[in-house]
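# What the coordinates show
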Amino acid sequence: SDDGKLSFEEFKAYFDDGVLSGEELHELFHMIDTHNTDNLDTEELCKYFSQHLGEYENVLSVLEDLNITILRAMDKTKKDYQEASGLEQFVTRFLLKETVNQLQSLQSSLECAMETTEEQTRQERQGPTKPEVLSIQWPGKRSARRLQRNNSLSLKSPNFSTGRIEEDSHWMTQINRLQKLIDRLEKKDLKLEPFEEEVLEENTRAHIMIVQRQMSVIEEELEGFRLALKQYVESASAQGGCLHVSTEKHPSESRFILYEFWENSSAWNSHLQMNYSKTFQRSNVDFLETPELITTMLVPGKY
């Protein structure tokens, strides 16, 4: 409420990650509240988290420097771009695209790490349960962040206002398609295991990473995109950790959906750092109407 302090309700609304229980959040709140005022001020929050930063102290420090450096570069670009020569403007555009691609690659790696740690924590807390329909439920705050990010990435899309309706209409089609892919994967000695077979106490479960990438291609760039996509699929399929790659194009629009199955999140993260993957991401800056939407899911199983 902009009063310089956090009540427990405000603290819970911001820090609730869908993993800690309400009682645990309440205990954490009072642990941080060293002044015993039933409100947290900036000093208390900084003191608590600074004690637990570890390696992330360097990470956050570098990010702060990076943020300042980028803002300075943007300010200089704003002042100099209009008066620059055509060649200098081209170089500036290239550098901006490369910076965006590097940041997106880093963001993808961080999101995979977040999802992996959240999933592992939920499994440790849930313990053996009665088998249910296979699904992975993201924490409420995480889902909100993912939805907000996806919406922000697709604001310029001509189908933005009807995107949710189209997604619902295609839901059963996607389920059937995934089932066919799973059937094909099972023939390659891939074993998807039900929850009741998990040995949670050993904490050594293998998880297959399923990735869905949605890309809306500029009509005039279809030929170039198809060539880049073919090269990407061939390179990704040749990787040791890749189980399967499949593409789908919607007949009524220039929208492609790419499905990737990886042995685990580490294989996916390594794949993101490969040259062919970065080349595909860079080319998509020119080929796509809007940034691609990436959805990932960890499924218990082994190869």
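Right, let's walk through the structure included here. Computed from a predicted structure; not experimentally measured.

## Quick look at the overall build of the protein
- Check the secondary structure of the protein and you find 11 helices and seven strands.
- With 303 residues in all, the protein has 33% of them scored as buried.
- Put simply, of all contacts in the protein between residues at least 6 apart along the chain, 70% involve residues at least 24 apart.
- Per element, the accessible surface of the protein, about 19300 Å² overall, is 54% carbon and sulfur.

## Notes on helix α11 (residues 275-287)
- Counted at 1.5 Å a residue, the expected span for α11 with its 13 residues is 18 Å, and the 18 Å between its end C-alpha atoms agrees.
- Three or more residues of α11 are buried, namely Y276, S277, F280, Q281, S283, N284 and F287.

## A few points about the pairing of strand β6 (residues 255-262)
- With eight of eight residues buried, β6 lies mostly within the body of the structure.
- What you see with β6 is no split at all: R255, I257, Y259 and F261 on one side and F256, L258, E260 and W262 on the other are buried throughout.
- One ladder, built from eight bridges, connects strand β4 (residues 207-216) with β6; its direction is antiparallel. Across the sheet, the residue bridging to Q212 is Y259, located in β6.
- The sheet contact formed by strand β5 (residues 242-249) and β6 spans seven bridges and is antiparallel. Following the sheet pairing, H244 is matched in β6 by F261.

## Some remarks on helix α10 (residues 265-272)
- Of all the residues in α10, the buried ones are S265, A267, W268, H271 and L272. For α10, the arc enclosing every buried residue in end-on projection is 160°, short of the 170-degree limit, so these residues lie on one face.

The rules behind these values
Residues numbered from 1 in each chain as written. Predicted model: local features only at pLDDT ≥ 70, side-chain atom pairs only at ≥ 80, totals over all residues. Heavy atoms only, no water. Helix = DSSP H or I, 4+ residues; strand = E, 2+ residues; numbered from the N terminus. Buried < 20%, exposed > 50% of the residue type's maximum accessible area, 1.4 Å probe, protein only. Contact = heavy atoms within 4.5 Å. Areas by Shrake-Rupley, 256 points an atom, 1.4 Å probe, with all protein chains shown as cover. Expected span 1.5 Å × (residues − 1). Pairing = 2+ DSSP bridges. Arc of directions from axis to C-beta.

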